There are 4 protein chains.
Amino acid sequence: MTPRFPTIGLISKPDDPGVADTLALLCDELRLQAREVLLDETAATCFAAPPAPVVTREALAARCDLAIVVGGDGTLLNAARGLVEAEVAVLGVNLGRLGFLADVSPEEIPQRLTEILAGDYEEERRTLLHASVFRNGVEVSQGDALNDVVVHKCDIARMIELETRVDDRLMHILRADGLIVATPTGSTAYALSGGGPIIDPALNALVLVPICPHTLSNRPVVVADRVTIDIRLCGREAQVTCDGQINFPLGTDDRIRIRSKTGTLRLIHPARHDHFAITRRKLRWSEQP
Amino acid sequence: MTPRFPTIGLISKPDDPGVADTLALLCDELRLQAREVLLDETAATCFAAPPAPVVTREALAARCDLAIVVGGDGTLLNAARGLVEAEVAVLGVNLGRLGFLADVSPEEIPQRLTEILAGDYEEERRTLLHASVFRNGVEVSQGDALNDVVVHKCDIARMIELETRVDDRLMHILRADGLIVATPTGSTAYALSGGGPIIDPALNALVLVPICPHTLSNRPVVVADRVTIDIRLCGREAQVTCDGQINFPLGTDDRIRIRSKTGTLRLIHPARHDHFAITRRKLRWSEQP
Amino acid sequence: MTPRFPTIGLISKPDDPGVADTLALLCDELRLQAREVLLDETAATCFAAPPAPVVTREALAARCDLAIVVGGDGTLLNAARGLVEAEVAVLGVNLGRLGFLADVSPEEIPQRLTEILAGDYEEERRTLLHASVFRNGVEVSQGDALNDVVVHKCDIARMIELETRVDDRLMHILRADGLIVATPTGSTAYALSGGGPIIDPALNALVLVPICPHTLSNRPVVVADRVTIDIRLCGREAQVTCDGQINFPLGTDDRIRIRSKTGTLRLIHPARHDHFAITRRKLRWSEQP
Amino acid sequence: MTPRFPTIGLISKPDDPGVADTLALLCDELRLQAREVLLDETAATCFAAPPAPVVTREALAARCDLAIVVGGDGTLLNAARGLVEAEVAVLGVNLGRLGFLADVSPEEIPQRLTEILAGDYEEERRTLLHASVFRNGVEVSQGDALNDVVVHKCDIARMIELETRVDDRLMHILRADGLIVATPTGSTAYALSGGGPIIDPALNALVLVPICPHTLSNRPVVVADRVTIDIRLCGREAQVTCDGQINFPLGTDDRIRIRSKTGTLRLIHPARHDHFAITRRKLRWSEQP
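Residues numbered from 1 in each chain as written. Chains lettered and ligands numbered in written order. Predicted model: local features only at pLDDT ≥ 70, side-chain atom pairs only at ≥ 80, totals over all residues. Heavy atoms only, no water.

**Structural notes on the overall build of chain A**
Right, so step 1: Across its full length, chain A holds seven helices and 18 strands.
Right, so step 2: Dimensions of chain A, computed from the C-alpha atoms along their principal axes, are close to 60 × 50 × 35 Å.
Right, so step 3: Expressed as a percentage of the 289 residues in chain A, the buried residues total 61%.
Right, so step 4: Here the analysis covers contacts within chain A between residues at least 6 apart in sequence; of these, 65% occur between residues at least 24 apart.
Right, so step 5: Carbon and sulfur atoms provide 47% of the accessible area of chain A, an area that totals close to 10,500 Å².
Right, so step 6: Of the side chains in chain A, 31 bear a positive and 39 a negative charge, and the two mean positions are spaced by 5 Å. (Helix = DSSP H or I, 4+ residues; strand = E, 2+ residues; numbered from the N terminus. Buried < 20%, exposed > 50% of the residue type's maximum accessible area, 1.4 Å probe, protein only. Contact = heavy atoms within 4.5 Å. Areas by Shrake-Rupley, 256 points an atom, 1.4 Å probe, with all protein chains shown as cover. Lys, Arg positive; Asp, Glu negative; His and termini not counted. Charge placed at Lys NZ, Arg CZ, Asp CG, Glu CD.)

**A closer look at the relation of the copies chain B and chain A**
Right, so step 1: Its rotation angle being 180°, the transformation that places chain B on chain A also includes 0.0 Å of axial translation and leaves an RMSD of 0.0 Å. Taken together, the rotation and translation relating the two chain copies correspond to the operation of a two-fold axis. Across chain B, the rotation axis passes nearest the C-alpha of Pro197 of chain B, at a separation of 3.4 Å.
Right, so step 2: Interface overlap between copies: 100% of the residues of chain B at the interface are likewise at the interface in chain A, consistent with a symmetric, same-surface contact. (Least-squares fit on C-alpha atoms with pLDDT ≥ 70 in both.)

**Let's talk about the side chain of Thr188 of chain A**
All names here are of chain A.
Right, so step 1: Relative to the helices and strands, Thr188 resides in the loop between strand 11 (178-182) and helix 6 (190-193).
Right, so step 2: Its relative accessible area of 10% is what places Thr188 among the buried residues.
Right, so step 3: A polar atom in the side chain of Thr188 sits 3.5 Å from the backbone oxygen of Thr185.
Right, so step 4: Each residue touching Thr188, except ones within four places of it in the same chain, is listed here: Phe100, Ile198, Thr279 and Leu283. (Polar contact = N/O pair within 3.5 Å; in protein donor to acceptor, adjacent residues only side chain to side chain.)

**Notes on the interface of chain B and chain A**
Right, so step 1: Across the boundary between the two partners, chain B contributes 40 residues, which contact 40 residues of chain A.
Right, so step 2: Our count for the chain B to chain A interface comes out at 18 residue pairs in polar contact (both at pLDDT 80 or more).
Right, so step 3: Sorting the residues of the side of chain B that touches chain A by element identifies strand 11 (169-176), strand 13 (198-199), strand 15 (221-224) and helix 7 (275-283) of chain B as the ones contributing at least two each.
Right, so step 4: For the side of chain B that touches chain A, the element with the most residues is strand 11 of chain B, which contributes seven residues.
Right, so step 5: Grouping the amino acids of the side of chain B that touches chain A by side-chain chemistry returns 18 nonpolar, 11 polar and 11 charged.
Right, so step 6: Of the strand pairs in this sheet, strand 12 (residues 198-199) of chain A and strand 15 of chain B are connected by two bridges, and their pairing is parallel. What sits directly across from Ile199 of chain A, in strand 15 of chain B, is Val222 of chain B. (Nonpolar A, V, L, I, M, F, W, Y, C, P; charged D, E, K, R; others polar. Pairing = 2+ DSSP bridges.)

**Points about the packing of helix 1 (residues 17-32) of chain A against helix 5 (residues 109-117) of chain A**
Residues and elements named next belong to chain A.
Right, so step 1: In contact at an axis separation of 11 Å, helix 1 and helix 5 are set at 40° when each is read in the N-to-C sense. As the angle between them shows, helix 1 and helix 5 are arranged oblique. Both helix 1 and helix 5 take part in a crossing whose hand is right-handed. Judged by residue contacts, Thr22, Leu25, Leu26, Glu29 and Leu30 of helix 1 engage Ile109, Pro110, Leu113 and Leu117 from helix 5.
Right, so step 2: Considered class by class, the residues forming the contact of helix 1 with helix 5 number seven nonpolar, one polar and one charged. (Axes fitted to C-alpha atoms, helices over the stretch in contact; angles between N-to-C directions. Parallel < 35°, antiparallel > 145°, perpendicular 65-115°, else oblique. Left-handed = near helix turned anticlockwise from the far one by under 90°.)

**Quick notes on the domain arrangement of chain A**
Residue and element names in this part refer to chain A.
Right, so step 1: Once the domains are mapped, chain A shows domain 1 (7-126 + 264-282) and domain 2 (129-260).
Right, so step 2: Between domain 1 and domain 2, the buried area comes to about 1,100 Å², and carbon and sulfur atoms account for 63% of it.
Right, so step 3: On the domain 1 side of the contact with domain 2, Leu77, Arg81 and Arg126 bury the most area, a combined 50% of that side's loss.
Right, so step 4: Between Arg81 and Asp243 there is a salt bridge; the shortest N-O distance is 2.8 Å.
Right, so step 5: Summed over the shared surface of domain 1 and domain 2, the result is four residue pairs in polar contact (both at pLDDT 80 or more). (Domains from an automatic or database assignment. Buried area = accessible area lost by both parts, 1.4 Å probe. Salt bridge = Lys/Arg side-chain N within 4 Å of Asp/Glu carboxyl O.)

**A look at the pairing of strand 15 (residues 229-234) of chain A**
Residues and elements named next belong to chain A.
Right, so step 1: The element strand 15 is largely enclosed, with a buried count of five among its six residues.
Right, so step 2: Bridge count between strand 9 (residues 160-166) and strand 15: six bridges; the pairing is antiparallel. Directly across from Glu163, in strand 15, lies its bridge partner Arg232.
Right, so step 3: With four bridges joining them, strand 15 and strand 18 (residues 255-270) adopt antiparallel strand pairing. Within strand 18, the position partnered with Arg232 by the bridge is Arg255.

**Let's talk about the packing of aromatic side chains**
Residue and element names in this part refer to chain D.
Right, so step 1: Summed over all chains, the structure comprises four aromatic pairs over all chains.
Right, so step 2: Each ring, one from Phe5 and one from Tyr121, has its centre 5.7 Å from the other, and the planes form 40°; the classification is tilted. A residue pair is termed long-range when its members are at least 10 positions apart, and Phe5 in the segment before strand 1 (7-12) and Tyr121 in strand 6 (residues 121-126) qualify at 116 residues. For the pair formed by Phe5 and Tyr121, the shared burial category is buried. (Phe/Tyr/Trp six-rings, centres within 6.5 Å; stacked < 30°, edge-to-face > 60°.)

**Here's the deal with the sheet that holds strand 12 (residues 178-182) of chain B**
Right, so step 1: Strand order in the open sheet made by the seven strands is 12(A)-15(B)-14(B)-12(B)-9(B)-17(B)-18(B), with mixed pairing throughout. Edge positions in the sheet fall to strand 12 of chain A together with strand 18 (246-250) of chain B, since each of these pairs with one other strand and no more.
Right, so step 2: Summarising the sheet, strand 17 (residues 238-242) of chain B and strand 18 of chain B pair through five bridges and their orientation is antiparallel. Residue pairing in the sheet places Gln239 of chain B in a bridge with Pro249 of chain B of strand 18 of chain B.

**Things to note about the pattern of salt bridges**
Right, so step 1: Counting across every chain of the model gives 80 salt bridges over all chains.
Right, so step 2: For Asp230 of chain B, the salt bridge is made with Arg257 of chain B, and the minimal N-O distance between the two is 2.8 Å. In this pair, Asp230 of chain B is assigned in strand 16 (residues 229-234) and Arg257 of chain B in strand 19 (residues 255-260), connecting sequence segments 27 residues apart.
Right, so step 3: Judged by its relative accessible area of 27%, Arg257 of chain B falls in the partly exposed class.
Right, so step 4: A salt bridge links Arg63 of chain D to Glu36 of chain D; its shortest N-O distance comes to 3.4 Å. One end of the pair, Arg63 of chain D, is in helix 3 (residues 57-63); the other, Glu36 of chain D, is in strand 2 (residues 36-40), and 27 residues separate them in sequence.
Right, so step 5: Under the relative-accessibility criterion, Arg63 of chain D is labelled partly exposed at 45%.

**Considerations on helix 1 (residues 17-32) of chain B**
Residue and element names in this part refer to chain B.
Right, so step 1: For helix 1, every residue scored as buried is listed here: Val19, Ala20, Thr22, Leu23, Leu26, Cys27, Glu29 and Leu30.
Right, so step 2: On its buried face, helix 1 sits against strand 1 (7-12), strand 2 (36-40), helix 2 (41-44), strand 4 (66-71), strand 5 (89-94) and helix 5 (109-117).
Right, so step 3: Two residues or fewer after helix 1 comes Ala34, characterised by a positive phi angle close to 65°.

**So, the environment of Val90 of chain C**
Residues and elements named next belong to chain C.
Right, so step 1: With respect to the helices, strands and loops of the structure, Val90 is situated in strand 5 (residues 89-94).
Right, so step 2: For the pair Val90 and Arg219, spaced 129 residues apart in sequence, the C-alpha to C-alpha distance is 34 Å.
Right, so step 3: Non-local contacts of Val90, meaning those with residues more than four positions away in its chain, are made with Leu66, Ala67, Val69, Leu76, Leu83, Leu265, Arg266, Leu267 and Ile268.

**A closer look at the sheet that holds strand 8 (residues 138-145) of chain B**
All names here are of chain B.
Right, so step 1: Pairing within the open sheet is antiparallel, and its six strands lie in the order 8-7-19-16-10-11. Either end of the sheet is taken by a strand with one partner, and the two such strands are strand 8 and strand 11. Between one strand axis and the next, the sheet turns through 20° on average, direction left out of account.
Right, so step 2: Where strand 10 (residues 160-166) and strand 11 come together, seven bridges link them in antiparallel fashion. Each bridged residue has a counterpart across the sheet, and for Thr164 the counterpart in strand 11 is His172.

**Considerations on unusual backbone geometry**
Right, so step 1: A positive phi angle, close to 70°, is found at Asp253 of chain A, a residue other than glycine.
Right, so step 2: Checked against the element boundaries, Asp253 of chain A lands in the loop between strand 17 (246-250) and strand 18.
Right, so step 3: Of note, the phi angle at Asp167 of chain B is positive, near 50°, even though the residue is not glycine.
Right, so step 4: You can see Asp167 of chain B is positioned in the loop between strand 10 and strand 11.
Right, so step 5: Overall, Asp167 of chain B belongs to the partly exposed group, its relative accessible area being 45%.

Below, the structure written as structure tokens:
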């Protein structure tokens, strides 16, 4: 019988001293459990002699059943965008603090890996956003985001004006520092700093959070994740950022179209994963003093 | 061929001088269109000689295909709870300001009615909440809400403590003036005053909004509307309110269980209804000064 | 030479098992330092044989140079209102958690008392509010508050409408659950739960914080503490509360006038008292997760 | 007898078609009232043949008793920083919408000017901030602000970390997009977008408002305007901006010291000026829908 997750890829953040030991531990454990292991190129740079075959990120996505990402939520965000289309399951190992996405600590690896390879885990589907920038009707750039797509002023001292439509209906004309469109995954990231609500990852929703709106009466809006969001930049230059990692400059009258991606991220958690418990721990959310 | 909505019930708020004229106009228009008309008992009190047969609210729900509610959002909230199980479609006529739910004005009645009876309308499904109060494991009261279920302190000067679980997982232990659990319909009502987000009625979601939480780090949480929410009152006395219209007193260790009702409200809007446009007009939401 | 604080009164919360030991310790320490000690009647109830002469709160205020209040912030709030006019200095001993006002713990008593009696302490002046309720132009009740005066709805389900004037100029017409008028001392109490800012106690200011305002565009307002605030209740019944401890019912068109008291509370802190450090500790304010 | 304001300077925004007519009207009116009129160089560019002697901004500040600034709040902000030290009174004429600072409209000029020159006006003192940037203990730049000093991230995608001390006591270590330090004048500008309270200009206070703080428990803090605020930039690059008009780049470990300026701006308003009424009109603050 074929084992669960027969081929497993290891992806890591670059240049972190703690990475090599954790990667080596993972290689050992996975081989003990008779899995084939592949290293992506970044992970391979941690070793003089890589302990497993090295492949590109694309090849890893194509060949693996599970990718284990070693780093933190930022590393996993970065890797996720390349893994979602191949429908590779993703497990995150955090090297530092507990992450929302990377919720296995290095000490837990042997036990958690045994459980997960035996089928004792939870799998969630996380929505990603796809943003396209149109200039004079032509798409000039595009990108994916697991957390958020942010339209932001460039000039520190001047707000921007945006017109937002949801499924072709005007939502608002916003004068603000910017606008965050976040998935439930992103609702505990930048959107929360901007005053947005926490959204259960099990809900198929997006939230639009204005950043420092000029109008007192602005409020975050939560919509279904099947909508099409069109944002038109009125006036000044601005910027679009996906997950805080990919940037496009915007000019006057550029339009940004944001939609959920068809494919979703297969995110693996240890069994008895409790999202709200992690939220309380990470954010000191609603903790009593 | 049977016409659309062959039997139509009229429900109104009590004791409003404007109601009788509007009800009479509706009776005339509906008969012109060959519909059978029934009046509920409250609506009948507006007339010395009621212009249509008078029935109880229950009989009206059982016999009608469409109920037209004349008053405002409050009147419709009140009527909706009795109409949802019979799956009667509901249309709201507002006597004063534009409502979120009652969005036909008296002047528009002839035209809108012609359109709606001809099939030119939008029908939305709105979720209701069902709240049950348990004491020592026994259900001691229960009620429905289209907007919100609110657990609130009784003593003005003392906060209450609540433990909230969502699908049996602890969400938070809250010290606050209270907690609002709102549907998307209720997200533009009391939940908004408490700092909650606006939720698109098309989204199957609920929002939990703490009222004046003692803890600085509290935030509204949006969850799927299929969850079960259990709230346990720790300590002091409190109160539960459904739609601000039905009250139950609560004692120490009482538990409130909140779930979406199985049936949803069939809410009728004129064609080309634009929820966000109404939101902007009613709340001056994100309006420019 | 007369010693600093020659006569010292002890005030306590009632019925707390920890009080008697702490009061006895204080008596011993104060006598070692050759001070005259008086007990107020509540404090005396903790003892079969009170270890010092027992006097009324009024007599204590008249005869003492320093009052030591054993309990918590609530006990000190309660005592402060009776001590401010006699200009008695007040020191707070907290039996439980660190307080904003009661910031000496029982274990620290011997050392702190020695320092304070030797003159090594900080003295702050804290503003109190005086609220008067007028009906048809006649004052029908009045009270003092060290934290806040709160006008609050009575009926859980219905907001109230208030018209607020500051020095005879209209500030706002507010539809809300209520309005908090807080001193800097109160800015870290209920006003903070309502969304108000933290105000440095060294600032002669008041803050007006609406509770769950119906209007999205409402915001807290900070004004100088020398102003006169007039609040007129439009419509429904409501309630006024001083420090959450004294209540008056309000009827339609009642007016509440709020002013700073002429006298201020002389609040004693150990030397090197750091208000912001206490704020961070007590509220987990701006703590990193 | 010397008339009130014998010498009056006119300052304007550049390149606005409406400016020349308003400046010419002012010249005529002021000469009718026997005042000496000076034009600053920017105002002079509006005319082929300037209708009054042209001087530098510095000379204008040195010679005038009153400066009339034609434009909007931004023009007045810009002019104010150069007029405060010479203690010139400042009156603002707004060409477009009503301003907080520029509260005379062109149509009102004849009447208001007559009143003001006859002594029927209100004079307010507005605090300005002075910001100095220190690198390795050496001051490398400095500037003044009537609204606010803002420390802001440079890189859109990455928050900054700041350590803030008030009079040498730690207030907070902040991870955020930035920090706004605002005067009461600035409390209705960017600080309000960031979630700060409205502060009465009559109050000698400053407010610190975090911009999109990472920590949920952050809150604005209001302090007396006599304090010294020291902000240390930990890590990344950032920027300081005064009134959104003057920028300095910041490097790691740079320190920004912010203090109130000794001199205050003499701001002239028409008699019966009502700051809260303007606030309600401009911000739709607490307006009923």
